[in-house]
Amino acid sequence: MSVEEPTMTESSRRDEEEVHLFVERMAMAFADVGFPRMAARVLFAVMSADDPLTAGEIGERLGVSAAAVSGAVRYLTQFAMLVREPVKGSRRDRYRMPDNPWYEATITKTNLYKNFIDIAGGGVEALRGRSTPAGERVAEMRDFFLFVQEELESLGDRWRARRAATGHAHPAGD
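Residues numbered from 1 in each chain as written. Predicted model: local features only at pLDDT ≥ 70, side-chain atom pairs only at ≥ 80, totals over all residues. Heavy atoms only, no water.

1. Quick word on the pattern of salt bridges
Scanning the model with the defined rule gives 11 salt bridges in all. Measuring nitrogen to oxygen at the nearest pair gives 2.5 Å for the salt bridge that ties Arg96 to Glu85. A residue pair is termed long-range when its members are at least 10 positions apart, and Arg96 in strand 3 (residues 93–96) and Glu85 in strand 2 (residues 83–86) qualify at 11 residues. Using a relative accessible area of 28% as the deciding quantity, one classes Glu85 as partly exposed. Here Arg130 ties to Asp143 by a salt bridge, and the two come within 3.1 Å at their closest N and O atoms. Of this pair, Arg130 sits in the loop between helix 7 (110–126) and helix 8 (133–165) while Asp143 sits in helix 8, placing them 13 residues apart in sequence. (Salt bridge = Lys/Arg side-chain N within 4 Å of Asp/Glu carboxyl O. Helix = DSSP H or I, 4+ residues; strand = E, 2+ residues; numbered from the N terminus. Buried < 20%, exposed > 50% of the residue type's maximum accessible area, 1.4 Å probe, protein only.)

2. Describing the sheet that holds strand 2
Ordered in space as 1-3-2, the three strands form an open sheet in which the pairing is antiparallel. Both edges of this open sheet fall to strand 1 (53–54) and strand 2, since each of them pairs with a single strand only. (Pairing = 2+ DSSP bridges.)

3. Remarks on the pairing of strand 3
Pairing between strand 1 and strand 3: two bridges, direction antiparallel. Bridged to Thr54 within strand 3 is Arg94. With four bridges joining them, strand 2 and strand 3 adopt antiparallel strand pairing. Bridging from a neighbouring strand, Arg84 pairs with Tyr95 of strand 3. Count of turn residues in the strand 2/strand 3 antiparallel hairpin: six residues, of which Gly89 carries a positive phi of about 75°.

4. Here's the deal with the packing of helix 3 (residues 37–47) against helix 5 (residues 66–78)
Each packed pair of helices is defined by two parameters, the angle between the axes and the distance between the axes. For the pair helix 3 and helix 5, interaxial distance at closest approach is 8 Å and the crossing angle is 80°. Judged by the inter-axis angle, helix 3 sits roughly perpendicular to helix 5. Contact residues: Met38, Ala39, Val42 and Leu43 in helix 3; Ala68, Val69, Ala72, Val73, Tyr75 and Leu76 in helix 5. Residues of the contact of helix 3 with helix 5, tallied by class, amount to 10 nonpolar, no polar and no charged. (Axes fitted to C-alpha atoms, helices over the stretch in contact; angles between N-to-C directions. Parallel < 35°, antiparallel > 145°, perpendicular 65-115°, else oblique. Contact = heavy atoms within 4.5 Å. Nonpolar A, V, L, I, M, F, W, Y, C, P; charged D, E, K, R; others polar.)

Nothing here speaks to function; it is all geometry.
In structure tokens form, the structure reads like this:
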């Protein structure tokens, strides 16, 4: 049995209260693990929109001012979770989700791990190698981040294959 995509008429009948609850619940879940709350609210407000939104439109959906949205969109664009596009003939910008944002925000940021690895390597040298308890702890941290970096590269390959197999490579409307 195949699941059919909803028609435009069906998708326009979405339950806005349930969408709002989704946005707020996901924002809370992200905030619980250290993600800035307003940035999470903005991220999921944009994710739940079919079209790009201006800061004013985001603020309207969330019941906050456009100014409150400003810092959040700056944070999210810095981490490639949102894409900023100019509105033709206006000084305003619109924000949308990039293609494959979860991959972009996690797997392609391996330079973060390289930085940790490099700094920890310097720490191991400063502590005269693994011959001391402190040197061993720092070496283990370095080795862990090296492992994570290598695994993320493999994970990225597997994600791209799964994404293509499940049809997520080309969202509806593209």
